[in-house]
Amino acid sequence: RTVPGTAGNYRGELLGGLLLALIMYAAAPLLGYGPFPAVEIACDNMGVVGHGKNRHKPLKDKQKQADLIRCFRAILAKCAVTVTYVHVYGHQDDKIPWDDLTLQQQLNVLADKLAKDVLDRAVRDNFFISSLFPLESFRVIVNGRKVTSSIKEAMYEAWGRTEARSLMAKRKIVSEDNFEKIHWEGVAAAMMAYPQMFRVYVVKHVSHFQGTNRQLSRDASQAVENVCPCCGAKDESTGHITRCLDDGRTEMFYESVDVLCDFLHETHMDGRLIDCIITYLEHRGEKTMTSIAHRMPLFSSVAADIDALGWDCLLEGRIPSSL
């Protein structure tokens, strides 16, 4: 498997280029001894054309689909037939009558139709090719996934994931067994959408280092007692803020839940699931999601994962991948 988010139109175009290069490489020995006439391949993707022409140009560290491009170039370099690439505009049949299209344009239209048919069939049958290609000079596999872009970033992310799993287990935020249940890619995408200082706030909150009286009371220069200023309970921790029974804090919490409810309805989430999530949040960890959704078998696996992670995880945005 490749890393999440790798599949896309560009990778599909490059796979087409790789396939043609393999065909030329395999066919060359059957043609006898050279020299062979140059073969011209037309493609409607400038990325494929560019890499086919500039096959000796070093790739950038963060080059997308680098594994495919390296293999594509390596095959072209070993091929006994000289292959040149030219660009042809795609979808020309949308505005030009078929009989007025050039041969290259007609072939491009037919190739697009064939590719679409194969893709539809693969999705329907859940059948996909391997990402291990012939004649690759090397492959990098990190945590069971093939690296397709920056090797440095992939290794850094894998190291960070390992450290995060250990740290969160040590801080009793998420157990090591439940760590992989979380949709971390979604967490990362959400964090990147926030301003820098709000990210700092989120990290402090999740790490339980908010400016609560538990933390402020540790500063000897401040005469702060470790009690909740709203309800008077001892030990005002980060977790206490969202569970405080003070009328003002309770009202603020419920208003925030109402805002979330409106957002979920705007995203057209299943209304039954929205009701379960809102009910679960409003009970502030006093009721399990399994008990709330017990009459809805469709949500049983989601409910089990939410309960395994705990109320704080859902509140802080660490939602399970099953959701």
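Now for a quick tour of the structure. (Residues numbered from 1 in each chain as written. Predicted model: local features only at pLDDT ≥ 70, side-chain atom pairs only at ≥ 80, totals over all residues. Heavy atoms only, no water.)

1. Structural notes on the side chain of Arg249
Convention followed: Numbering of helices and strands runs from the N terminus, with a helix taken as a DSSP run of H or I at least four residues long and a strand as a DSSP run of E at least two residues long. Contact criterion: two residues are considered in contact whenever any of their non-hydrogen atoms come within 4.5 Å of each other.
Structurally, Arg249 is set in helix 10 (residues 247-266). Contacts of Arg249, omitting those with residues within four sequence positions, involve Cys228, Cys230, Glu236, His240, Ile241, Cys244 and Arg284.

2. Quick notes on the nonpolar core
Quick note on the threshold: In these notes, a set of buried Ala, Val, Leu, Ile, Met, Phe, Trp, Tyr and Cys residues joined through side-chain atoms within 4.5 Å is what counts as a nonpolar core. Each residue gets one of three labels from its accessible area relative to the maximum for its type: buried under 20%, exposed over 50%, partly exposed in between, using a 1.4 Å probe on protein chains only.
Formed by 21 residues in total, the largest nonpolar core has its most connected members in Leu18, Phe72 and Tyr85. Those elements that provide at least two residues to this core are helix 1 (9-27), strand 1 (39-43), helix 2 (46-53), helix 3 (66-78) and strand 2 (83-87). Per-element accounting of this core gives the leading share, 6 residues, to helix 3. If we skip the residues at most four places from it in the chain, Tyr85 touches Gly17, Ala21, Ile41, Val48, Val49, Gly52, Lys53, Arg55, Phe72 and Leu76. Core analysis: the next-biggest nonpolar cluster, separate from the first, contains 20 residues, Leu264, Leu273, Phe299 and Ile306 among them.

3. Things to note about a negative patch on the surface
Convention followed: To count toward a patch, a residue needs a relative accessible area over 30% and no salt bridge; like charges are then connected within 9 Å, while nonpolar side chains (Val, Leu, Ile, Met, Phe, Trp, Tyr) are connected within 5 Å. Accessible areas in this description were obtained via Shrake-Rupley with a 1.4 Å probe; residue shielding takes into account the shown protein chains only. Here, a salt bridge means any side-chain nitrogen of Lys or Arg that lies within 4 Å of a carboxyl oxygen of Asp or Glu. Positive charges come from Lys and Arg alone, negative charges from Asp and Glu alone, with His and the N- and C-terminal ends not counted. Taken as the charge centre is NZ of Lys, CZ of Arg, CG of Asp or CD of Glu, depending on the residue.
The grouping of Asp247, Glu251, Glu255, Asp258, Asp262, Glu266 and Glu282 at the surface amounts to a negative patch. Mapped onto the fold, Asp258 is located in helix 10. A relative accessible area of 43% places Asp258 in the partly exposed class.

4. Here we look at unusual backbone geometry
With a phi angle near 65 degrees, His268 is a residue other than glycine that sits in the positive phi range. Note that His268 resides in the loop between helix 10 and helix 11 (271-282). Of the residues examined, His268 reaches a relative accessible area of 72% and is grouped as exposed.

5. Brief notes about a nonpolar patch on the surface
Together, Trp98, Leu103, Leu107 and Leu110 line one region of the surface with nonpolar side chains, adding up to about 410 Å² of accessible area. Looking at where Trp98 falls in the secondary structure, it is placed in the loop between strand 2 and helix 4 (103-125). The class for Trp98 is partly exposed, based on a relative accessible area of 38%.

6. Section: the packing of aromatic side chains
The condition that has to hold: Any two of the Phe, Tyr and Trp rings considered here, Trp counted by its six-membered ring, make a pair once their centres fall within 6.5 Å; the pair's planes then place it as stacked at under 30 degrees, edge-to-face at over 60, or tilted in between. The rule for a charge over a ring is simple: NZ of Lys or CZ of Arg within 6 Å of the ring centre, and within 35 degrees of the ring normal.
Scanning all chains against the criterion turns up 7 aromatic pairs. Connected via pairs of aromatic rings, a cluster forms that spans Tyr194, Phe198 and Tyr201. Sitting over the face of the ring of Tyr254, Arg284 holds its NZ or CZ atom 5.8 Å from the ring centroid.

7. A look at the packing of helix 1 against helix 3
Our working definition: Lines fitted to C-alpha atoms define the axes, with helix axes restricted to the stretch in contact, and inter-axis angles between N-to-C directions lie between 0 and 180 degrees. What sets the label is the angle itself: under 35 degrees gives roughly parallel, over 145 gives roughly antiparallel, 65 to 115 gives roughly perpendicular, and the rest give oblique. In this scheme the handedness of a crossing depends on how the near helix is turned from the far one: anticlockwise by less than a right angle means left-handed, clockwise means right-handed. Just so you know the grouping, Ala, Val, Leu, Ile, Met, Phe, Trp, Tyr, Cys and Pro go in nonpolar, Asp, Glu, Lys and Arg go in charged, and all remaining residues, Gly too, go in polar.
Following both chains from N to C, one finds helix 1 and helix 3 inclined at 20 degrees, their axes separated by 9 Å at the closest point. The orientation of helix 1 with respect to helix 3, classified from their angle, is roughly parallel. In the packing of helix 1 onto helix 3, the handedness of the crossing is left-handed. Mapping the contact onto sequence places Tyr10, Arg11, Leu14, Leu15, Gly17, Leu18, Ala21, Leu22 and Tyr25 in helix 1 and Asp67, Leu68, Ile69, Cys71, Phe72, Ile75, Leu76 and Lys78 in helix 3. Split by residue class, the contact of helix 1 with helix 3 holds 13 nonpolar, 1 polar and 3 charged.

8. Quick notes on the layout of surface pockets
Condition: Any residue with an atom within 4 Å of a point lines the site, the site being either a cavity, points on a 1 Å grid over the protein atoms alone where a 1.4 Å probe fits but cannot get out, or a pocket, an open set with protein on both sides within 12 Å along at least 5 of 7 lines. Grid points are joined across faces, edges and corners, and a volume is the space filled by probe spheres set on the points.
Estimates place the volume of the second largest pocket at around 2,000 Å³. Every residue lining the second largest pocket is counted, 50 residues in all, and those nearest its centre are Gly12, Glu13, Leu15, Gly16 and Ala115. Elements that contribute at least two residues to the lining of the second largest pocket include exactly helix 1, strand 1, helix 4 and strand 4 (145-146). The biggest single contributor to the lining of the second largest pocket is helix 4, with 13 residues. Class assignment for the residues of the lining of the second largest pocket results in 26 nonpolar, 13 polar and 11 charged.

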